Number of protein chains: 2
Amino acid sequence: MTPAFEKLQKHLKQLPGLGFRSSERIALHLLVEKPERLPALVEALQEAARSVRRCLRCGNLAEGDLCGVCADARREGGVVCVVEQVPDLVAIERSGAYRGCYHVLHGKLSPIHGVGPGDLNFASLLGRVAGGEVHELILALSNDVEGEATCHYLTEQLAAAGRPVKVTRIGFGIPSGGGVLYADSITLKSALDGRRDYS
Amino acid sequence: MTPAFEKLQKHLKQLPGLGFRSSERIALHLLVEKPERLPALVEALQEAARSVRRCLRCGNLAEGDLCGVCADARREGGVVCVVEQVPDLVAIERSGAYRGCYHVLHGKLSPIHGVGPGDLNFASLLGRVAGGEVHELILALSNDVEGEATCHYLTEQLAAAGRPVKVTRIGFGIPSGGGVLYADSITLKSALDGRRDYS
């Protein structure tokens, strides 16, 4: 193939979920099968890069100052679900199980990867709590050591700020459709730790 | 999500092999996780769209007048493998089983889809044969009714032109209803080795 083709394929291959064959197939699609789609894709990429920014309140994707969730008056502003990344927020929205607002940290504390409190979106979350309109924080962070450390740091900061707010953490355990047999040890430990009265 | 995000996702979803979730994941990757990759991808797309064209001789992708195969003096110019699409050529090249040249028809005869002889790259193939340097045509077209019709049309045109050329068709290994694009390298090698007289 030609150098420009191979360069395009290399860039496509860096995208999540695309390997050698799928990136080759997409490059051929855009250059041979449907070349009319290429300028439209370029325009959509450029427009998104130009207009999509972070919500000033919660850190979600937004085109104005506020994201669609924060700008929606029907959402319960007093309940804030704290997530690591925008895709986590998207997954919770897709479940249709939540009507509150969000706060996106854009990561989790990870000393081994050089991610400290200053790299995450903590300050504006503490500001929202200090503002007084938040009465519950739901921590929807990962079920791993780094997620645990992030939850711990956050509750310490909230205690130091001296404003009482209810803090919960989403339940961990066996996923829907899953059996005990196929769960890993950490999941089983969380499931046992998180057991509830059943009578 | 935002309108520009959804527009980008819609364009990504049109690409082969990408569905709702994988296009969402790629859009989030380019806008949130690795925004520095987006301009490089746009540039690679634009450069490929600008510089990649059709080889004047065989119809393959090229950046100059001739593609990499036609420009390579070590390739056997007297043997021409006729394929429907550039991805078919790529699949045969990947098998490493072929050292001749190619001719890309950019489709196959299909009255039901309104594809007639005038829509395909036949004229320059007949021109190459009339030029006298071709002594064997290997028809690597699909093993289906349309591929059959295309082979039949081509041999009739060659007979009418009155220049004797050996015509073979690949045959072993390609399953009925399948195309060259999806065959593995070993299947393609046996298909090339097992070509039979067709005229």
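Computed from a predicted model, the values in this text were never measured in an experiment. (Residues numbered from 1 in each chain as written. Chains lettered and ligands numbered in written order. Predicted model: local features only at pLDDT ≥ 70, side-chain atom pairs only at ≥ 80, totals over all residues. Heavy atoms only, no water.)

All names here are of chain B. Those residues of helix α5 (residues 122-130) that sit buried are Phe122, Leu125, Arg128 and Val129. Along α5, the residues classed as buried sweep out an arc of 120° about the axis, all on the same side. Elements that come into contact with the buried residues of α5 comprise β3 (76-83), β4 (100-104), β5 (136-140) and α6 (145-161). Just beyond α5, the residue with positive phi is Gly132, at close to 95°. (Buried < 20%, exposed > 50% of the residue type's maximum accessible area, 1.4 Å probe, protein only. Helix = DSSP H or I, 4+ residues; strand = E, 2+ residues; numbered from the N terminus. Arc of directions from axis to C-beta. Contact = heavy atoms within 4.5 Å.)

Residue and element names in this part refer to chain A. Taken in spatial order, the four strands make up an open sheet running β4-β3-β5-β6, and their pairing is parallel. In this open sheet, the two strands that pair with only one neighbour each are β4 (100-104) and β6 (166-169). Recorded for the sheet is a direction-independent mean angle of 25° between the axes of neighbouring strands. Alignment of strand β3 (residues 76-83) against β4, held across five bridges, turns out to be parallel. The residue of β4 that forms the bridge with Val82 is His103. Sheet contacts for helix α5 (residues 122-130): β3, β4 and β5 (136-139); angle to β4, the most-contacted strand, approximately 145°. (Pairing = 2+ DSSP bridges. Axes fitted to C-alpha atoms, helices over the stretch in contact; angles between N-to-C directions.)

With that out of the way, let us pick up the packing of helix α3 (residues 37-51) of chain A against helix α1 (residues 3-13) of chain B. In the contact formed by α3(A) and α1(B), the axes pass within 9 Å of each other and the chain directions differ by 155°. Overall, the two elements α3(A) and α1(B) adopt an arrangement that is roughly antiparallel. As α3(A) runs across α1(B), the sense of the crossing is left-handed. On the side of α3(A), the interface is formed by A:Ala40, A:Leu41, A:Glu43, A:Ala44, A:Leu45, A:Glu47, A:Ala48 and A:Ser51, while α1(B) contributes B:Ala4, B:Lys7, B:Leu8, B:His11 and B:Leu12. In the contact of α3(A) with α1(B), the residues fall into eight nonpolar, two polar and three charged. (Parallel < 35°, antiparallel > 145°, perpendicular 65-115°, else oblique. Left-handed = near helix turned anticlockwise from the far one by under 90°. Nonpolar A, V, L, I, M, F, W, Y, C, P; charged D, E, K, R; others polar.)

Okay, the pattern of salt bridges next. Inspection of the entire model under this criterion finds 16 salt bridges over all chains. Here B:Glu47 and A:Lys7 are joined by a salt bridge, their closest N and O atoms 2.8 Å apart. Of the two residues, B:Glu47 is situated in helix α3 (residues 37-51) and A:Lys7 in helix α1 (residues 3-13); the pairing between them involves two chains. Of the residues examined, B:Glu47 reaches a relative accessible area of 22% and is grouped as partly exposed. Residue A:Lys7 is classed as partly exposed on the basis of its relative accessible area, which comes to 26%. Between B:Glu93 and B:Arg75 there is a salt bridge; the shortest N-O distance is 2.8 Å. Of the two residues, B:Glu93 sits in helix α4 (residues 86-95) while B:Arg75 sits in the loop between β2 (61-62) and β3, which places them 18 residues apart along the sequence. What you see here is one network of salt bridges that share partners, running through A:Lys7, B:Glu43 and B:Glu47. (Salt bridge = Lys/Arg side-chain N within 4 Å of Asp/Glu carboxyl O.)

Here the domain parsing of chain A yields domain 1 (3-51) and domain 2 (55-197). Each of domain 1 of chain A and domain 2 of chain A was reduced to a C-alpha centroid, and the two centroids are 34 Å apart. (Domains from an automatic or database assignment.)

What follows covers the pairing of strand β6 (residues 166-169) of chain B. The pairing of β5(B) with β6(B) spans four bridges and is parallel. Bridge pairing links B:Ile138 to B:Thr168 in β6(B).

Moving on, we get to unusual backbone geometry. Positive phi, close to 60°, is recorded for A:His106, a residue that is not glycine. Secondary-structure assignment places A:His106 in the loop between β4 and α5.

This paragraph deals with the interface of chain A and chain B. Listed per partner, the contact involves 47 residues of chain A and 50 residues of chain B. Area buried by chain A at its contact with chain B is led by A:Pro16, A:Leu45 and A:Leu61, which between them contribute 13% of it. Inspection of the region where chain A meets chain B yields six salt bridges. A salt bridge links A:Arg94 to B:Glu24; its shortest N-O distance comes to 2.4 Å. Those elements that place two or more of their residues in the side of chain A that touches chain B are α1, α2 (20-33), α3, β2 (61-62) and α4 (86-95) of chain A. Counting residues per element, the side of chain A that touches chain B draws most heavily on α3(A), which supplies 13 residues. Across the side of chain A that touches chain B, the residue classes tally to 29 nonpolar, eight polar and ten charged. (Buried area = accessible area lost by both parts, 1.4 Å probe.)

Let's shift gears to the state of the cysteines. All names here are of chain B. On inspection of all chains with the given rule, the structure shows zero disulfides over all chains. Cys58 supplies the cysteine sulfur nearest to Cys55, a cysteine that is in no disulfide, at a spacing of 3.8 Å. Among the residues examined, Cys55 registers a relative accessible area of 4% and is labelled buried. Between Cys151, a free cysteine, and Cys81, which holds the nearest cysteine sulfur, the sulfur-to-sulfur gap is 11 Å. Using a relative accessible area of 0% as the deciding quantity, one classes Cys151 as buried. (Disulfide = S-S within 2.5 Å.)

Right, let's get into the nonpolar core. One recurring pattern in soluble globular proteins is that nonpolar side chains are buried together. By size, the foremost hydrophobic cluster in this structure holds 84 residues, and its most contacted members are A:Leu8, A:Leu45, B:Leu8, B:Leu45 and B:Ile92. Once residues within four sequence positions are removed from consideration, B:Ile92 is found in contact with B:Cys81, B:Val83, B:Ala97, B:Tyr98, B:Tyr102, B:Ala140, B:Val180, B:Leu188 and B:Leu192. (Core = buried A, V, L, I, M, F, W, Y, C linked by side-chain atoms within 4.5 Å.)

By secondary structure assignment, the location of B:Ala161 is in helix α6. For the pair formed by B:Ala161 and B:Gly179, sequence separation is 18 residues and the distance between their alpha carbons is 29 Å.

To continue, consider the side chain of B:His103. Residues and elements named next belong to chain B. Residue position: His103 is located in strand β4. By relative accessible area, which is 0% here, His103 ends up buried. Reaching out from His103, the side chain makes a polar contact with the backbone oxygen of Asn121 at a distance of 2.8 Å. Leaving out residues up to four positions away in the same chain, His103 has contacts with Arg57, Cys58, Val80, Cys81, Val82, Val83, Asn121, Ser124, Leu125 and Arg128. (Polar contact = N/O pair within 3.5 Å; in protein donor to acceptor, adjacent residues only side chain to side chain.)

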